[in-house]
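# An overview of the molecular structure
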There are 2 protein chains.
Amino acid sequence: MVLSDTIVALATPSGAGAIAVIRISGKEAITIANSIFKSVHAKDLTKQKSHTILLGHITDSARTLDEVLLSVFKDPHSYTGEDVIEISCHGSPYIQQQIIQLLLRKGCRMADAGEFTLRAFLHGKLDLSQAEAVADLISSENEATHQIAMQQMRGGFSNEIKMLREELLNFASLIELELDFFEEDVEFADRAKFKELLNRIQEVLKRLVDSFAVGNVIKNGIPVAIVGEPNVGKSTLLNAFLNEERAIVSEIAGTTRDAIEDELNIGGIGFRFIDTAGIRDTEDVVENIGIKKTFEKISQAQVVLFIHSAEEFRMAEVNLKSLQLEVGKIASKYPDKPLVILVNKTDILSPKERTNLKNMLTNVEGSAFQLISAKTGEGVEAVKNLLLNFVNTGALRNNETIVTNTRHYDALLKALEEVQKVQSGLDNSISGDLLAIDIRQALYHFGEITGEISSDDLLGNIFANFCIGK
Amino acid sequence: MVLSDTIVALATPSGAGAIAVIRISGKEAITIANSIFKSVHAKDLTKQKSHTILLGHITDSARTLDEVLLSVFKDPHSYTGEDVIEISCHGSPYIQQQIIQLLLRKGCRMADAGEFTLRAFLHGKLDLSQAEAVADLISSENEATHQIAMQQMRGGFSNEIKMLREELLNFASLIELELDFFEEDVEFADRAKFKELLNRIQEVLKRLVDSFAVGNVIKNGIPVAIVGEPNVGKSTLLNAFLNEERAIVSEIAGTTRDAIEDELNIGGIGFRFIDTAGIRDTEDVVENIGIKKTFEKISQAQVVLFIHSAEEFRMAEVNLKSLQLEVGKIASKYPDKPLVILVNKTDILSPKERTNLKNMLTNVEGSAFQLISAKTGEGVEAVKNLLLNFVNTGALRNNETIVTNTRHYDALLKALEEVQKVQSGLDNSISGDLLAIDIRQALYHFGEITGEISSDDLLGNIFANFCIGK
């Protein structure tokens, strides 16, 4: 971990925009900026106050590269805890490159991925789990992932761990103190209170460990299998969801992104729609490759949506028997997986056909149903609510801490294990020195989460997943 | 042109990055920001000094959207000349959207393309040609286009025009004064000095008008036709150029962009390489569609590169006669177009083969030649220098003003026309009132360039080509 050199990187997304921000951090940040920045408002950046902005020009000897705004942040009142300069230049990739190249020639080094945040951690501006939350925050794509990351970044998660760790540390030192006086057989640590603490710790750890299943699903998007023949309206349904989102997004030109049709944000939660080939035509051929793949995909999903089109019912291609067969195939293999039959294009049905269809669908065992029409918008909201209800996000709604990070999950599991060892040690009245070892081990895993205990390798792994410039 | 409302837009490129900048400008910018920004460092943004930065949180009632840096710029000391707030948030597209949506709910309006710069123009922070240079600067992709845009933005071009306009205006008022005293037959305007001024103006205008041809080519990239059969190494050559560039670019991760193989930056100037199908196989079929297309592409190019591979010579597929025939076809149609024969893969040749080849190529009339090898790097630099030498960029090297904007070119041409009318009017001693009309007309076209004379339509057209957020 070299902290002595001054690093530079583009902090804004690459590409052309109105402006781009180039970030410099380190001991020489202000001196280097001084050597390439000319402003009528200030002669010397070293005399500039922290958190102020200057208008001026970046010059490379006689050549003027750009007119820029330059922000000064002074150690320790900056993101990294070092002297930081941010150059807000015109958003041409060429200009960005020219300025960064100039800074490299003047003695800066290209920042590694996540190196600004790593420095913030090493200077005590953030703990490790907060630093990790920064990366999660940047990649958050919907309300749920944003909320989890924001909560973690503001320390909700690590504060809880830190407080428990401190209490545990307190008991550990008392027990280790007892070891010094072992001949006198004293008990400094109140065993009843200690048991109470261990219970409390186990409760918290269990809750956090359990939250990982929810957190992981939320972070990666909740998988929904869409089972249906081609042309029954799978993409129509996704578009119906998407159009509502688009109406919001298109209002903000410049932030519009390419529609990834199979990843949608519904009610602030990400859903991943997995298209499958359907299972109807494979009635007889059990070893069919298509049906194998469909079942593989269904096994990954949390919810299964069957889609049929109203036309199929009209043309008698689908009837109660065939529907029950299809539902049965899946229900027998995955009895706990929620199934919903969606019938699309219902706008073509006469009132009588509609009644008949509803009667038929009511009689299919093992599944719910919903009539939809992309044309009239019928049922779209209902399907959204269905999906949201299937997902257990109680924790999210109650603003509870949710663990999404595999590293935290591992450390929490290990900490829980050690705490359980301590508990059983207490129950079996094992000697204080053995107890102390297990407590130290538990403390170690707590410390891993917040970064009070960390290795260069661990830090390298964590920050390598960041983008450059953060 | 509504200036009374407060506008907002994302100023950085869309997509995920370490940070993103959201820009707000207008009367309510500070009040609106005040209503969503909480900081321990300041209670009231209206009391905040201009050009200062605050760390704090963007909150939407109870929900915290992000931890941000907020920059305050106060009217008139801002880019637009209005109160401006810049919010530097985490670079998640979701967060960007949430903050912008919140600002829209609080009373901001989405900025139109170029509206920040339009407001800067309307508040007199920039003249029109400088404002146009901002868009050019952002889209500048190499040293040449950057230099031209930078020069224009710093006023080099419009200052010259403004000064001439003022002198002309001075004479215009003297001549119009004469009209008031027409019965007394006085001459306030010194005709000799006036003629001298008109000559000076014409000289400048002619130089600027002439520079447009160069400027236009530089702005759009200098077209180079590459004529050759498949697999002779056309892409090898482009890659050889590209690799050197990549070595520079890859150093700056985050600014690496997708290689557009047929647009390359050589020595700071953009070249557009136009691939053609070759003309060899069409020796007999004159009306061949392929050859027509090739000739069409050659007609658009400034330079023609013929590529052959050393293998073709070895296998006697190409000889002096066939080469002379190919060169002759083009030279007869475009006698002034520079032609260079490139022989690729020369690393496979023995010294004797190499000598023979050189002797043969020396005897091809109407073209230069160059041996190249992507493997050994032979000739790559030489081809670059060849291309740079073919391009007349004397003006660029001498730091002269170059016109690249069609609107300016049109206005300059019209101004020149009117000035010439004035001149011939003077020569023919036409009456002062007719003279005055022509001078007014010339002044009008001058004013069009700098924006002293502008219409809403014109402004709308210019700024519609900007990106949102600038």
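Above this text is the structure in question.
Within each chain, residues carry numbers counting from 1 in the order of the written sequence. Written order determines the labels here, with chains lettered from A and ligands numbered from 1. For a predicted model such as this one, the threshold for reporting local features is a pLDDT of at least 70, and the threshold for listing and counting side-chain atom pairs is 80 or more; totals across whole chains, interfaces and linings nevertheless cover every residue. Heavy atoms from the whole structure form the basis of all side-chain values; hydrogens and water molecules are not counted.

### Description of the pattern of salt bridges
Salt-bridge detection follows one rule: a side-chain nitrogen of Lys or Arg within 4 Å of a carboxyl oxygen of Asp or Glu. Under the counting rule described, the total for this entry stands at 44 salt bridges over all chains. Linking A:Glu115 and A:Arg109 is a salt bridge whose minimum nitrogen-to-oxygen distance equals 2.6 Å. In this structure, the salt-bridge partner of B:Lys345 is B:Glu311, at a minimum N-O distance of 3.4 Å. Taken together, the residues span a long stretch of sequence, with B:Lys345 in the loop between β12 (339-344) and α12 (351-362) and B:Glu311 in helix α10 (residues 310-314) at a distance of 34 residues. Buried, partly exposed and exposed residues are distinguished by accessible area as a fraction of the type maximum, computed with a 1.4 Å probe on protein chains only: under 20%, between the cut-offs, and over 50%, respectively. Residue B:Lys345 is classed as partly exposed on the basis of its relative accessible area, which comes to 23%. A helix here means a DSSP run of H or I that spans at least four residues, while a strand means a run of E at least two residues long, and both kinds are numbered starting from the N terminus.

### Let's talk about the nonpolar core
Of all hydrophobic cores here, the largest spans 49 residues; its most connected members are B:Ile87 and B:Leu103. With residues near it in sequence (within four places) discarded, B:Ile87 still touches B:Ala20, B:Val21, B:Ile22, B:Ile24, B:Ile58, B:Val68, B:Leu69, B:Leu70, B:Ile99 and B:Leu103. Buried residues of nine kinds, namely Ala, Val, Leu, Ile, Met, Phe, Trp, Tyr and Cys, make up a nonpolar core once their side-chain atoms join them within 4.5 Å. One finds A:Ile22, A:Leu65, A:Val72 and B:Met150 within the second-largest nonpolar core, a separate group that totals 48 residues. Contacts: residue pairs with any heavy atoms within 4.5 Å of one another.

### Some points on the relation of the copies chain A and chain B
After a rotation of 180° and a shift along the axis of 0.0 Å, chain A superposes on chain B with an RMSD of 0.1 Å. Considering both components of the superposition, the chain copies are consistent with a two-fold axis. If distances are taken from each C-alpha of chain A to the rotation axis, the shortest is found for A:Thr52, at 2.1 Å. The overlap is high: 100% of the interface residues of chain A also sit at the interface in chain B, so the same surface is used on both sides. Least squares is the method for superposing the copies, and the C-alpha atoms it fits come from residues with pLDDT of at least 70 in both.

### Digging into helix α5 (residues 143-153) of chain B
Residue and element names in this part refer to chain B. The element α5 is largely enclosed, with a buried count of eight among its eleven residues. Taken residue by residue, α5 has Ala144, Thr145, His146, Ile148, Ala149, Met150, Gln152 and Met153 as its buried positions. Of the residues that open α5, the one with a side-chain oxygen 3.2 Å from the backbone nitrogen of Ala144 is Asn142. Polar contacts here mean pairs of N or O atoms no more than 3.5 Å apart (in protein, one a potential hydrogen donor and the other a potential acceptor; neighbouring residues in sequence count only if both atoms are side-chain atoms).

### Focus: the interface of chain A and chain B
Many descriptions give the size of an interface as the accessible area lost when the pieces come together. At the interface, 59 residues of chain A touch 59 residues of chain B. Note on chain A versus chain B: buried area summed over both sides is about 5,200 Å², and carbon and sulfur give 65% of it. Counting the contacts that link chain A with chain B gives zero salt bridges. The interface formed by chain A and chain B holds 16 residue pairs in polar contact (both at pLDDT 80 or more) in total. Each residue gets one of three labels, nonpolar for Ala, Val, Leu, Ile, Met, Phe, Trp, Tyr, Cys and Pro, charged for Asp, Glu, Lys and Arg, and polar for the others, Gly among them. Along the lines of polarity and charge, the residues of the side of chain A that touches chain B split into 28 nonpolar, 22 polar and nine charged. Accessible area that two parts lose when put together, with a 1.4 Å probe and added across both, is what the buried area reports.

### Section: the packing of aromatic side chains
Aromatic ring pairs are reported here in terms of the distance separating the ring centres and the angle at which the planes meet. Residues and elements named next belong to chain A. The pairing test for Phe, Tyr and Trp rings, Trp by its six-membered ring, is centres within 6.5 Å, and the orientation test on the planes gives stacked under 30 degrees, edge-to-face over 60, and tilted for anything in between. Throughout the structure, instances matching the rule amount to eight aromatic pairs over all chains. Considering the side-chain rings of Phe171 and Phe194, the 4.6 Å spacing of their centres and the 20° angle between planes classify their relative orientation as stacked. Of this pair, Phe171 sits in helix α6 (residues 156-180) while Phe194 sits in helix α7 (residues 191-220), and the two are 23 residues apart along the sequence. In this structure Phe194 comes out as buried when scored by relative accessible area, which is 0%.

### Considering empty space enclosed by the protein
Only protein atoms enter the 1 Å grid, on which a cavity is a set of points fitting a 1.4 Å probe that cannot get out and a pocket is an open set with protein on both sides within 12 Å along at least 5 of 7 lines, lining residues being those with an atom within 4 Å of a point. Grid points are joined across faces, edges and corners, and a volume is the space filled by probe spheres set on the points. Here the structure, examined in full by the defined rule, presents five cavities of 30 Å³ or more. In this structure, the largest cavity encloses a volume near 160 Å³. Considering the residues around the largest cavity, the lining is formed by 15 residues, among which A:Ser71, A:Glu86, A:Ser88, B:Ser71 and B:Glu86 are closest to the centre. Elements with a contribution of two residues or more to the lining of the largest cavity: β2 (19-25), β5 (63-73) and β6 (84-90) of chain A together with β5 (63-73) and β6 (84-90) of chain B. Here the lining of the largest cavity is composed, by residue class, of nine nonpolar, four polar and two charged.

### With respect to the environment of B:Ala20
Residue and element names in this part refer to chain B. One can find Ala20 in strand β2 (residues 19-25). Judged by relative accessible area, which is 0%, Ala20 ranks as buried. Residues Ala20 and Gln96 lie 76 residues apart in sequence; the distance between their C-alpha atoms is 7.3 Å. If sequence neighbours within four positions are ignored, Ala20 has contacts with Leu10, Thr12, Ile87, Ser88, Cys89, His90, Gly91 and Gln96.

### Observations regarding the environment of A:Val2
All names here are of chain A. Structurally, Val2 can be placed in the segment before β1 (7-10). Each C-alpha atom of the pair Val2 and Phe463 lies 14 Å from the other, and the pair is 461 residues apart in sequence. Those residues in contact with Val2 that sit more than four places away from it in its chain are Arg109, Glu115 and Arg119.

### Considering the pairing of β12(B)
All names here are of chain B. Among the six residues in β12, six count as buried, and that is most of the element. Side-chain alternation along β12 places Leu339, Ile341 and Val343 on one buried face and Val340, Leu342 and Asn344 on a second face that is also buried. Pairs of strands are assigned from DSSP output, requiring at least two bridges between the strands. Both strand β11 (residues 303-309) and β12 contribute to a ladder of six bridges, which runs parallel. Of the residues in β12, the one forming a bridge with Ile307 is Leu342. Here β12 runs beside strand β13 (residues 368-371); their pairing, made up of four bridges, is parallel. From the neighbouring strand, Ile341 faces β13, where its bridge partner is Phe369. Here a crossover is taken to be right-handed if, once the strands point away from the viewer, the path from the first strand over the helix to the second is traced clockwise. At this point the chain moves from β12, through α12, to the parallel β13, and the crossover so formed is right-handed.

### Digging into helix α11 (residues 320-333) of chain B
For a helix, the expected span equals 1.5 Å multiplied by the residue count minus one. Over its 14 residues, α11(B) extends 20 Å from the first C-alpha to the last, a length consistent with the 20 Å expected when each residue adds 1.5 Å. When α11(B) is considered as a whole, its buried residues turn out to be B:Ser322, B:Leu323, B:Glu326, B:Val327, B:Lys329 and B:Ile330.

### Thoughts on unusual backbone geometry
All names here are of chain A. Going from Asp75 to Pro76, the amide bond is cis rather than trans, its omega being 5°. You will see that His51, though not glycine, has its phi angle at about 60°, which is positive. By the element assignment, His51 lies in the loop between β3 (37-38) and β4 (52-60).

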